[in-house]
Amino acid sequence: MNGYHSPDEGDTETGKEETAGGKQQRPSKESASRTKAADGAENAVAAAAGGGTPRDRLASNSRTRQRIDSLKKNRPPFPWFGMDIGGTLVKLVYFEPKDITAEEEQEEVENLKSIRKYLTSNVAYGSTGIRDVHLELKDLTLCGRKGNLHFIRFPTQDMPAFIQMGRDKHFSSLHTTLCATGGGAYKFEPDFREMADLQLLKLDELDCLIKGVLYIDSVKFNGHSECYYFENPTDPVQCQKKPYNLENPYPLLLVNIGSGVSILAVYSKDNYKRVTGTSLGGGTFLGLCCLLTGCSTFEEALEMATRGESTTVDKLVRDIYGGDYERFGLPGWAVASSFGNMMCKEKRESICKEDLARATLVTITNNIGSITRMCALNENIDRVVFVGNFLRINTLSMKLLAYAMDYWSKGQLKALFLEHEGYFGSVGALLELLNPT
């Protein structure tokens, strides 16, 4: 990002010593000789001590200062944020520097200290903002600075309150531009400008998504693998979460499940295409659950789904055939018609809200899995990475996807997942902030 240039530091003031009469006094030959001898003795002592001559040390210090100045000119001032403003959630990453020098601390303005303290000393912000402490990346080096990366989320409907907080904390006095991606970067740009005097740098959400995925996987998750898969996903006893090495990831199918779904075929870090998508995503699941069960949050909807039974709501192959449809290899337990049993009044009266929540989750997940499998076949890709906040605390859907990919492809497709699920777009936005070009 252009425009971050700090004033040059270390400029020396030059001047001339003057005599009482106002003219510079030239040293005598004898005085010059004594000075030269003293300099030589000092240099000899310093060299014998192994520290180099004062002139050498001065040159070395000058080179160090030049390197520091160069780094400062090529990185933005603190604070460092990246934002992904989605249709349902806002995802925010914040880099907390842990190597602040005494000089920097002294020069640091109160607004900056206040923002850092507020973000890092709380795990909740108001009634809906959450810092996902378990996802924090520690001892990360970014742009020559060492620190921790924090992950924060809040509902998009609370964006006006976030903008007001930025205004109250005088954020514009510290940061003229905020890197943001997602549709909300366009929708809320006038509000940022008018309410908080903040300029948004709008970034493409799919570019940011891929940059974020590749970066987080490369730095690992505090020494552990970022990527994982499920072995024996449908077996409650044998199911295991296993690390997966994504060192050589290409080609891969990247399935981003947010409010809706986008499916990307990624051939290299700079070569990808959006294959397709579907409007039936995490927003659909929550919206339908709110209508059908009266719940009001994603967490509540998932909790109900874990207690429900979808087979009372869905019509299965065995409900139609009395067993398997052997000619085409369809097992009796496969869903033939989502919510198909709800045509019958008696069955409508026998189900509970938890069953409806579970059936909604299974319907959305199966649809995503079916579309993903077709895309993988068309693109001839056998690795599928699922990301997005629909998967947050949603082990049910992850195991369903893992089983479906493996079963319907006869073991040819592997479903992979990432620990930081829905934060990759905001990480990509942060990386763009730190990109001097």
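Residues numbered from 1 in each chain as written. Predicted model: local features only at pLDDT ≥ 70, side-chain atom pairs only at ≥ 80, totals over all residues. Heavy atoms only, no water.

Trainee: How do you make sense of the packing of helix α10 (residues 298–307) against helix α13 (residues 353–379) when you look at a structure like this?
Mentor: Axes are the key here: two packed helices are described by the angle between their axes and the distance separating the axes. Where α10 meets α13, the axes come as close as 7 Å, and the angle between the chain directions of the two elements is 100°. Between α10 and α13, the angle is such that the two are roughly perpendicular. In this structure, α10 uses A301, L302, M304, A305, T306 and R307 to contact α13, whose residues at the interface are K353, E354, A357, R358 and L361. Looking at the contact of α10 with α13, its residues break down into six nonpolar, one polar and four charged. (Axes fitted to C-alpha atoms, helices over the stretch in contact; angles between N-to-C directions. Helix = DSSP H or I, 4+ residues; strand = E, 2+ residues; numbered from the N terminus. Parallel < 35°, antiparallel > 145°, perpendicular 65-115°, else oblique. Contact = heavy atoms within 4.5 Å. Nonpolar A, V, L, I, M, F, W, Y, C, P; charged D, E, K, R; others polar.)

Trainee: Is there a simple way to explain the pairing of strand β6 (residues 145–155) in this structure?
Mentor: Working note: regular strand, side chains alternate between the two faces of the sheet. Extensive coverage of β6 is indicated by the burial of 10 of its 11 residues. Relative to β6, strand β2 (residues 89–97) is paired through nine bridges, and the arrangement is antiparallel. Along β6, the bridge assignment pairs F95 with L149. Both strand β4 (residues 129–131) and β6 contribute to a ladder of two bridges, which runs antiparallel. Note that in β6 the partner of R131 across the bridge is I152. (Buried < 20%, exposed > 50% of the residue type's maximum accessible area, 1.4 Å probe, protein only. Pairing = 2+ DSSP bridges.)

Trainee: Is there a simple way to explain α10 in this structure?
Mentor: Owing to its 3.6 residues per turn, the α-helix brings residues three or four apart onto one side. Within α10, the full set of buried residues consists of F298, A301, L302, M304 and A305. In an axial view of α10, the angular spread of the buried residues amounts to 160°, which keeps them on one side of the axis. Close packing links the buried residues of α10 with α9 (282–293), α13 and α14 (395–408). (Arc of directions from axis to C-beta.)

Trainee: Any chance you could explain the sheet that holds strand β11 (residues 252–257) here in plain terms?
Mentor: Note on sheets: strands pair through backbone hydrogen bonds, and any given pair is parallel or antiparallel. Taken in spatial order, the seven strands of this open sheet run β10-β9-β17-β16-β11-β12-β13, and their pairing is mixed. The open sheet has two edge strands, β10 (240–243) and β13 (271–278), and neither has a second partner. On average, each strand axis in the sheet is inclined to that of its neighbour by 30°, with strand direction left out of account. Of the pairings in the sheet, the one linking strand β12 (residues 261–268) to β13 comprises seven bridges and is antiparallel in character. Across the sheet, V266 pairs through a bridge with Y272, a residue of β13. Sheet strands in contact with α14 are β9 (227–231), β11, β16 (383–387) and β17 (414–418), and its direction is about 155° off that of β17.

Trainee: Would you mind going over the pattern of salt bridges with me for this structure?
Mentor: Between side chains of opposite charge, pairing is possible as soon as their charged atoms come close. Counted according to the given criterion, the structure contains 17 salt bridges. Here K211 ties to E432 by a salt bridge, and the two come within 2.8 Å at their closest N and O atoms. One end of the pair, K211, is in helix α8 (residues 205–219); the other, E432, is in helix α15 (residues 424–433), and 221 residues separate them in sequence. What makes K211 partly exposed here is its relative accessible area of 38%. Here K241 ties to E419 by a salt bridge, and the two come within 3.1 Å at their closest N and O atoms. One end of the pair, K241, is in strand β10; the other, E419, is in the loop between β17 and α15, with 178 residues separating them in the sequence. What makes K241 partly exposed here is its relative accessible area of 48%. Linked through salt bridges whose partners overlap, the residues forming this network are D99, E104 and R145. (Salt bridge = Lys/Arg side-chain N within 4 Å of Asp/Glu carboxyl O.)

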